[in-house]
Amino acid sequence: MTTTTATAPGKVILFGEHAVVYGRAAIAVPVAKVKATVTLTDAPAGAGCTIAAPDIGAHVSLSDHPQDPLALAVRLALEEAGLQAEPDWQLTVRSDIPIAGGMGSGAAVSAALVKAAFAHSEPDACAQPDAGTVNRIVYEVEKLHHANPSGIDNTVVVYAQPVWFVRGQPPLRFDIASPFHLVIADTGIASSTAAVVSDVRRAWESDRLSYEEIFDGIGETAAAARRAIVSGNVDALGPLMRANQRLLRRLDVSAPELERLIAVAEEAGSAGAKLSGAGRGGNLIAVVEYQKVEAVQEALLAAGAAGAVITQVGS
Ligand code: MEV
């Protein structure tokens, strides 16, 4: 009996969420400290293919739940790998990425499932489909989670690299001239990306002019941040995060708990903080000088954040 394991990291969007759905650029980075892991073992002959995610109490079979997101990821991978018959496989999903927290948990689970299915059906790594193929499949599954995904979440977790992302274009990698640190804090409030994205769509439909102007502002912030990151001007990032957060407030995707914890982070020494992901709950990110990361982390936990991790962007 052989076992195959595959992983995919979590992610945070540094700049540009929501506006990215409307064609503006955004920047996202993987967060390797949290990840989804899939273990695939052969099951007895005739058992079929089942997927268990014990952390969320999910147990689905490929034949009985073909439209379930977990099953769809595996089914699309099998089609791509050219396997006609359902294999006898048991896949187990574990993830420490907060669910509904804006850290790409759904995309990371799908990516780890697809990678495990490919690796198990074709153990020769050179013969396995490339990251672009994995990304295309994970994007298909993302559409089940929310109707109009920009594609940024699947792209950053599949490539596991910082990306400059514009919808419909190949993702661009970029250099990080000087590493910088983030504290990522969880409000503990679950937020549905689908619901927030569709609220923004409704608001945009009723006042396109104002919303397009906000999206332009967010896109300009992302462009300025990219210039700062590639030139090593880390000091510019805090003010840019504050500017991005002001624009996100105007989109009405922030929340009192996000605002409270953003203020805590900034009072404790962060140069600037913002929500990350769809908003209304989930996670916030705070850019912090290395000497102050622990003070900011402690302040956030003391203020009631459900979790706070320190991560370095760039190496
Ligand atoms: C969600 O992580 C990011 C959003 O911009 C939605 C999307 O890009 O599909 C809110």
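So, how was this worked out
Residues numbered from 1 in each chain as written. Predicted model: local features only at pLDDT ≥ 70, side-chain atom pairs only at ≥ 80, totals over all residues. Heavy atoms only, no water. Axes fitted to C-alpha atoms, helices over the stretch in contact; angles between N-to-C directions. Helix = DSSP H or I, 4+ residues; strand = E, 2+ residues; numbered from the N terminus. Left-handed = near helix turned anticlockwise from the far one by under 90°. Contact = heavy atoms within 4.5 Å. Nonpolar A, V, L, I, M, F, W, Y, C, P; charged D, E, K, R; others polar. Pairing = 2+ DSSP bridges. Core = buried A, V, L, I, M, F, W, Y, C linked by side-chain atoms within 4.5 Å. Buried < 20%, exposed > 50% of the residue type's maximum accessible area, 1.4 Å probe, protein only.

Q: Give a detailed account of the packing of helix H8 (residues 256–267) against helix H9 (residues 293–302), specifying residues and quantitative values.
A: Running from N to C, H8 and H9 point in directions that differ by 145°, and their axes come no closer than 9 Å. The handedness of the crossing between H8 and H9 is right-handed. Mapping the contact onto sequence places Leu261, Val264 and Ala265 in H8 and Val296, Ala299 and Leu300 in H9. Looking at side-chain class alone, the contact of H8 with H9 contains six nonpolar, no polar and no charged residues.

Q: Tell me about the sheet that holds strand E8 (residues 272–276), residues and numbers included.
A: Taken together, four strands build an open sheet; the order of strands is E8-E9-E7-E10 and the sheet is antiparallel. Across the chains shown, the open sheet's two edge strands, defined by having one partner strand only, are E8 and strand E10 (307–313). Direction aside, the axes of adjacent strands within the sheet are offset by 25° on average. Taken together, the six bridges between strand E7 (residues 180–186) and strand E9 (residues 283–288) define a ladder with antiparallel strand orientation. Bridge assignment links Asp186 to a residue of E9, and that residue is Asn283. Along the sheet, H8 makes contact with E7, E8 and E9, crossing E8 at roughly 150°. Running over the sheet, H9 touches E7, E9 and E10 and is turned about 155° from E10.

Q: Account for the nonpolar core, with residues named and values stated.
A: Judged by nonpolar contacts, the single largest core of 109 residues is most densely connected at Leu14, Ile51, Leu113 and Leu300. For this core, the leading source of residues is helix H2 (residues 105–121), giving 10 residues. If we ignore the near neighbours within four places in the chain, the residues touching Leu300 are Val183, Ala185, Leu261, Val264, Ala265, Ala305 and Ala308.

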